[in-house]
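Coordinates in review
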Amino acid sequence: MAKVPVQFTLNGSEKAEFIESGTTLLHALRDKIGDTSPKGGCHQGTCGACSVIIDGELRLSCLTLAETCNGADIKTTAGLAEGGVLHPLQRAFLDAFATQCGFCTPGMIMAAKVLLDRTPNPSRDDVVEALSGNICRCTGYEPIIQAVLVAARANSQNAA
Amino acid sequence: MELRKDYFADVRKDGLNEIGQPRPRLDSPGHVTGKTAYFADRNFPGMLHLKMVRSPHHHARVRSIDTSEAEKHPGVVRVLTAKDVPHNVYTILILIQVGPEDETVLADGKVRWKGEAVVAVLAETERAAQEAAAKVKVDYEVLPAVFDMEEALKPGAPLVNEYHGQNYYLYDSGECRKVRFGDVEAGFAQADHILEQSYQSSPIEHAPTETTGCVVAPEGNDRFTCYTNTQAMFFTLDNASIILQMPGSKLHFVGGTVGGGFGGKVDVIVEPIAILGAKLTGRPVSFVYSREEEMQISSPRAAEKIVIKDGVMKDGRIVARKVTGYTDAGAYSRHSPYGAQKGAAHYPGPYTIPNVWIDTYCVYTNRTPSSAMRGFGVTISDFALEVQMDKLARLIGMDPLEFRFINAYRDGDMKAHRQPTEGAALIECMQEASRAANWPVAEKYMAMSSYRKGA
Ligand code: FES
Ligand code: FES
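First, a word on scope: everything that follows refers to the structure included in this document. The shown structure was predicted, so the numbers you read here are calculated from the model rather than taken from an experiment. (Residues numbered from 1 in each chain as written. Chains lettered and ligands numbered in written order. Predicted model: local features only at pLDDT ≥ 70, side-chain atom pairs only at ≥ 80, totals over all residues. Heavy atoms only, no water.)

Moving on, we come to the sheet that holds strand S14 (residues 285-288) of chain B. Residues and elements named next belong to chain B. On the basis of which strands lie adjacent, the open sheet formed by seven strands has the order S3-S7-S1-S14-S11-S12-S13 and mixed pairing. Either end of the sheet is taken by a strand with one partner, and the two such strands are strand S3 (76-80) and strand S13 (251-254). Strand-to-strand, the axes of this sheet are offset by a mean angle of 25 degrees, without reference to chain direction. Pairing geometry for strand S12 (residues 223-228) and S13, over four bridges, is parallel. (Pairing = 2+ DSSP bridges. Helix = DSSP H or I, 4+ residues; strand = E, 2+ residues; numbered from the N terminus. Axes fitted to C-alpha atoms, helices over the stretch in contact; angles between N-to-C directions.)

This is the structure in structure tokens:
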């Protein structure tokens, strides 16, 4: 299989790789670059565990070809904490007991981040809608929804 | 959290340091930062990928296996069949003396369920392993199969598993687990009403978000590290040691991080063959179920059939209970003999019944082997028992919650297993449930207590 060069920004740092054409972004991030925060739950676009943010949009990295990400700005959960300080969403997921096995957590946090970036004061329905593509088999959705609402409040207090 | 300290006030201990105190979970910081290391987050240079060739038939004799085309496929490093496995026939619970060994790591001469592992292919990439697996030729002679427990127990039914010799598990108590207490027929003779109902359940898949798998790395010195998401570390270590005929000191298991399991990761299926692959190739090996495999191959909760016959008095007392339970183990035992046995212990329910008769069977069929899942053996029992309780209450025109107060275990009551009840709290739980659900019961039930002085 032909190798193609790919260059993008991952959590603020430049990455340049030669990857096999047809490689998913999920595999490129996990196996080539070593960011294992996006998880592979289904590899077919139904569980949301692999969710990342590409140019501000929520994307399933298992359905995104790495070679289409040239020049993109990619964010994953691994890059969310700044200077060792947890992002309000991470803090809220911790405090609200919104993680059990933790496998869905990075994807959930990415989906929640896109929501809060666009809708700083979401309603409960907004949160449910935003997380509807992410499956959790252990925690139960209620603590996760609560965590996102708590993070939204923390955000708006910071802004005020 | 609200602690109700008014219950058992004279016997409770309040010098507790942990109960009632919030404690942060140690692993959560790793989860929210994406740093928690699941087994598949380990990647080793030169890692091979293992894919299984699986039986397309429910029951068949394997006449021959031809791996020559697969071996020639670009990227293939090694192909494994039954003869490569040092101790190919095993059973998980042999460690606690539950035998006989009845399951093959790789099929040897016969397949007993659709999806059974026949040949393992190790290749440089997942794709090469997949393509090569498709080139393995297996010649099957299809045999009659049985999918229904009642059919399986009939004389002349196809024999599912030769290691048992009949289509049910032979306990030391005979063809089923039994509980006998009082005189059940005398109980029925005395009852005002008798209700017999049967209940049935389908297999249920756990569907963990992280699929089952492991990554094995040779350490040199003939020692292997196995990163796995098993829920049963020591079962896995010891069974791998038996299957591979290697001392446990050569096997280093790293686990503890499980991306959802619910009992589905208790069986020992992926680790031994992946370690064998690493041993025979000298390279790291990854064996991870695809989502399709997870849904089709991993053991579900067993299908069950339960027949309950109860004798009840007009005043609400249950005076006799007769239960026959059937657990569909599928083609192999795994944890099912234990599940069926748990059912036998559970069918009296948390109720004081003077006459009890219980038989539970662990039955073999040509279905996917079932195994552990959250309270297996008792969860479906509870569903059946509590539906039956509601029906009994309706039959005698009594409130279903009040009916349960009348029959609940209380301290000092003799259980059907001949253990006196101690430390019961069912009455108190039901009192709280009645308040929480806004389902009032008569004052005399609110005045009851499980605790009896001197009991
Ligand atoms: S792994 Fe991408 S959606 Fe499930
Ligand atoms: S915490 Fe396990 S899948 Fe969500």
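Residue-level contacts link 28 residues of chain A with 27 residues of chain B. Both sides together, the interface formed by chain A and chain B hides about 2200 Å², and carbon and sulfur atoms give 54% of it. Linking chain A with chain B are two salt bridges, by the criterion used here. Here Arg30(A) makes a salt bridge to Asp41(B), at a shortest N to O gap of 2.7 Å. For the pair chain A and chain B, the number of links is 15 residue pairs in polar contact (both at pLDDT 80 or more). Among the elements of the structure, helix H1 (25-33), helix H2 (88-95) and helix H3 (105-118) of chain A are those that each provide at least two residues to the side of chain A that touches chain B. (Contact = heavy atoms within 4.5 Å. Buried area = accessible area lost by both parts, 1.4 Å probe. Salt bridge = Lys/Arg side-chain N within 4 Å of Asp/Glu carboxyl O. Polar contact = N/O pair within 3.5 Å; in protein donor to acceptor, adjacent residues only side chain to side chain.)

In this section: the sheet that holds strand S4 (residues 57-60) of chain A. Residue and element names in this part refer to chain A. Strands sit in the order S2-S1-S5-S3-S4 across an open sheet of five strands; the sheet is mixed. Strands with a single pairing partner mark the edges of an open sheet, and in this sheet they are strand S2 (13-20) and S4. Neighbouring strand axes in the sheet, compared pairwise and without regard to direction, differ in orientation by 40 degrees on average. Examined bridge by bridge, strand S3 (residues 51-54) and strand S5 (residues 73-75) share two bridges and lie antiparallel to one another. Bridge pairing in S5 places Ile53 opposite Lys75. Of the strands in this sheet, S3, S4 and S5 touch H3, which is tilted by about 35 degrees from S3.

Here we take up the pattern of salt bridges. Pairs can form between side chains of opposite charge once their charged atoms are near each other. All names here are of chain B. This structure, assessed with the given rule, holds 37 salt bridges over all chains. In this structure, Arg317 engages Asp315 in a salt bridge whose closest nitrogen and oxygen atoms are separated by 3.0 Å. Classification of Arg317 as partly exposed rests on a relative accessible area of 39%. Residue classification places Asp315 among the partly exposed positions, given a relative accessible area of 40%. (Buried < 20%, exposed > 50% of the residue type's maximum accessible area, 1.4 Å probe, protein only.)

What follows covers the packing of aromatic side chains. Residues and elements named next belong to chain B. Under the defined criterion, the tally for this structure stands at nine aromatic pairs over all chains. On the numbers, 5.9 Å between centres and 70 degrees between planes, the contact of Phe287 with Tyr289 is edge-to-face. Each member of the pair Phe287 and Tyr289 is classed as buried. Directly above the ring of Phe376 sits Lys342, whose terminal nitrogen or CZ lies 3.9 Å from the centroid. (Phe/Tyr/Trp six-rings, centres within 6.5 Å; stacked < 30°, edge-to-face > 60°. Lys NZ or Arg CZ within 6 Å of the ring centre and 35° of its normal.)

With that settled, the discussion passes to helix H11 (residues 400-407) of chain B. Residues and elements named next belong to chain B. Burial of H11 is extensive: six of the eight residues sit out of reach of the surface. Those residues of H11 not exposed but buried are Leu401, Glu402, Phe403, Arg404, Phe405 and Asn407. Buried residues belonging to H11 abut strand S15 (304-312), strand S16 (318-330), helix H10 (379-395), helix H12 (426-436) and helix H13 (443-446). For H11, the N-terminal capping position is held by Asp399, with its side-chain oxygen 2.9 Å away from the main-chain nitrogen of Leu401.

On to the nonpolar core, then. In this structure, Leu50(B), Met52(B), Leu106(B), Val216(B), Ile273(B), Ile275(B) and Phe287(B) are the most contacted members of the largest nonpolar core, which totals 52 residues. Ranked by residues supplied to this core, first place goes to helix H7 (residues 271-281) of chain B with five residues. If we skip the residues at most four places from it in the chain, Ile275(B) touches Val216(B), Phe224(B), Cys226(B), Ala240(B), Leu244(B), Leu251(B) and Phe253(B). Counting 26 residues, the second-largest nonpolar core is a separate cluster that includes Leu80(A), Phe93(A), Ile109(A) and Ala152(A). (Core = buried A, V, L, I, M, F, W, Y, C linked by side-chain atoms within 4.5 Å.)

Take the packing of helix H6 (residues 233-244) of chain B against H7(B) next. Residue and element names in this part refer to chain B. Where H6 meets H7, the closest approach of the two axes is 9 Å, and the angle between their N-to-C directions is 50 degrees. Here H6 is positioned oblique relative to H7, judged by the angle of their axes. Relative to H7, H6 is oriented so that their crossing is right-handed. Touching Thr236, Ala240, Ile243 and Leu244 of H6 are Glu271, Pro272, Ile275 and Leu276, all from H7. A per-class count over the contact of H6 with H7 returns six nonpolar, one polar and one charged. (Parallel < 35°, antiparallel > 145°, perpendicular 65-115°, else oblique. Left-handed = near helix turned anticlockwise from the far one by under 90°. Nonpolar A, V, L, I, M, F, W, Y, C, P; charged D, E, K, R; others polar.)

Here the bond from Gly99(B) into Pro100(B) is cis, since omega is 0 degrees, no more than 30 degrees from zero. Looking at where Pro100(B) falls in the secondary structure, it is placed in the loop between strand S4 (89-90) and strand S5 (103-104).

Okay, the pairing of S2(A) next. Each regular strand shows side chains that alternate between the opposite faces of the sheet. Sheet topology note: the strand S1 (residues 3-10) of chain A/S2(A) ladder contains eight bridges and is antiparallel. The residue of S2(A) that forms the bridge with Thr9(A) is Glu14(A).

Here we take up helix H9 (residues 336-346) of chain B. Those residues of H9(B) that sit buried are Ser336(B), Pro337(B), Gly339(B), Ala340(B), Lys342(B), Gly343(B) and Ala344(B). In this structure, the buried residues of H9(B) make contact with strand S9 (177-181), S16, strand S17 (356-364) and H10 of chain B.

For the rest of this paragraph, the subject is the environment of Arg301(B). All names here are of chain B. Mapped onto the fold, Arg301 is located in the loop between helix H8 (291-296) and S15. The class for Arg301 is buried, based on a relative accessible area of 7%. Sequence spacing of Arg301 and Arg112 is 189 residues, and the spatial spacing of their C-alpha atoms is 18 Å. If near-sequence neighbours (up to four positions away) are discounted, Arg301 is found in contact with Pro203, Ile204, His206, Ser370, Ser371, Met373, Arg374, Gly375, Phe376, Thr379 and Ile380. A distance of 3.1 Å separates the side chain of Arg301 from the backbone oxygen of Arg374, its partner in a polar contact. Looking at Arg301, its side chain comes within polar contact range of the side chain of Thr379, at 3.3 Å.

What follows is about the side chain of Thr77(A). Take Thr77(A): it is sitting in the loop between S5 and H2. Within the structure, Thr77(A) has its side chain in polar contact with the backbone oxygen of Pro106(A) (distance 2.9 Å). With residues up to four places along the chain from it excluded, the contact list for Thr77(A) reads Ser37(A), Gln90(A), Pro106(A), Ile109(A), Met110(A), Val32(B), Thr33(B) and Gly34(B).

So, about the environment of Ile242(B). All names here are of chain B. As for its position among the elements, Ile242 is in helix H6. Distance from Ile242 to Asn407, taken between C-alpha atoms, is 48 Å for residues 165 residues apart in sequence. Those residues within four positions of Ile242 in sequence are excluded, and the remaining contacts are His87, Ile94, Leu95 and Glu101.

By themselves, these observations are geometric and do not establish any function.
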